[in-house]
Amino acid sequence: MIDYVKHPAGLNARETSDFVHANGGVLSLNHIFGTGRPPAGLDPKDPASVRAFEDARIRELTETRVHGADILEVGYPTRVLPMTSFLRVWDALSAAGVDVVGNGVSDTHGSVAGWYDGNNFVSWVWARSASMPDIVEGFRRGDVYFGDPARFKGTLTLTTADGHRMGSVVITKK
């Protein structure tokens, strides 16, 4: 936990990232388009406004390398903007050489509400055990995929013909 006596105003994004990493954790940057209402200057019904807002987020997140975060919340059917906007930002970051693991969330802060209303996303992590260190290491490796557990019932492992595993960053001429 952050020492709020020492830092009563909290930490900025980069300081938070440094703190989490110094303590052996991984960090997810969530709500990249806001939480409920559109931020000032964004009209979600205007494609030009949406594109400009996405482009601004892409520039910021590329320049700051996602503020040092390891994970980016992208599996979210609608959070101010639709999932296609989340995926566009994530793809642009990858194209710019900013490698960040994508995760999916329901953002349900309890076990009794919000599931089965279309926002059912969770992230699955391949880990050697259910221990916190092994789960964190799975996130660190990028052995993560996300989906809707109300629709997906099974297992998934992705590899390429060359043997690259899911979560790998591969630069190739193919």
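The structure under discussion appears in the preceding block.
These lines cover the structure that appears in this document, whether it is placed above or below. Per chain, residue numbering runs from 1 following the sequence as it is written. Totals for whole chains, interfaces and linings use every residue, but because this is a predicted model, local features are given only for residues with pLDDT of at least 70 and side-chain atom pairs only at 80 or more, for both listing and counting. As a rule here, side-chain values come from all non-hydrogen atoms in the structure, and water together with hydrogens is ignored.

This part takes up the packing of helix H2 (residues 47–63) against helix H3 (residues 83–95). Close contact between H2 and H3 brings their axes to 10 Å; oriented N to C, the two are set at 35 degrees. Considering the relative orientation of H2 and H3, their crossing is right-handed. For the pair H2 and H3, the contacting residues are Val50, Arg51, Glu54, Asp55, Ile58, Leu61 and Thr62 in the first and Ser85, Arg88, Val89, Ala92 and Leu93 in the second. Residue type decides the class: Asp, Glu, Lys and Arg count as charged, Ala, Val, Leu, Ile, Met, Phe, Trp, Tyr, Cys and Pro as nonpolar, and the leftover types, Gly among them, as polar. A breakdown of the residues in the contact of H2 with H3 according to their chemical character gives six nonpolar, two polar and four charged. Here an axis means a line fitted to C-alpha atoms, over the contact stretch when the element is a helix, while the angle between two N-to-C directions is reported on a 0 to 180 degree scale. Numbering of helices and strands runs from the N terminus, with a helix taken as a DSSP run of H or I at least four residues long and a strand as a DSSP run of E at least two residues long. In this scheme, a crossing is called left-handed if the near helix is turned counterclockwise away from the far one by less than a right angle; it is called right-handed if the turn is clockwise. In this description, contact between two residues means that some pair of their heavy atoms is separated by no more than 4.5 Å.

Note on placement: Asn120 falls in the loop between strand E5 (101–104) and strand E6 (122–125). Asn120 sits 36 residues away from Thr84 along the chain, and the two C-alpha atoms are 16 Å apart.

This part covers the nonpolar core. Side-chain atoms within 4.5 Å are what join buried Ala, Val, Leu, Ile, Met, Phe, Trp, Tyr and Cys residues into a set we call a nonpolar core. The rule is simple: take the accessible area with a 1.4 Å probe, protein chains only, and divide by the maximum for that residue type; under 20% is buried, over 50% is exposed, in between is partly exposed. Within the largest apolar cluster, 23 residues are counted, with the highest numbers of intra-cluster contacts made by Ile32, Phe33, Val66, Leu72 and Leu93. Mapped by element, the contributors of at least two residues to this core are H2, strand E2 (71–75) and H3. Excluding residues that lie within four positions of it along the chain, Val66 makes contacts with Leu29, Leu61, Leu72, Leu93, Val98 and Val100.

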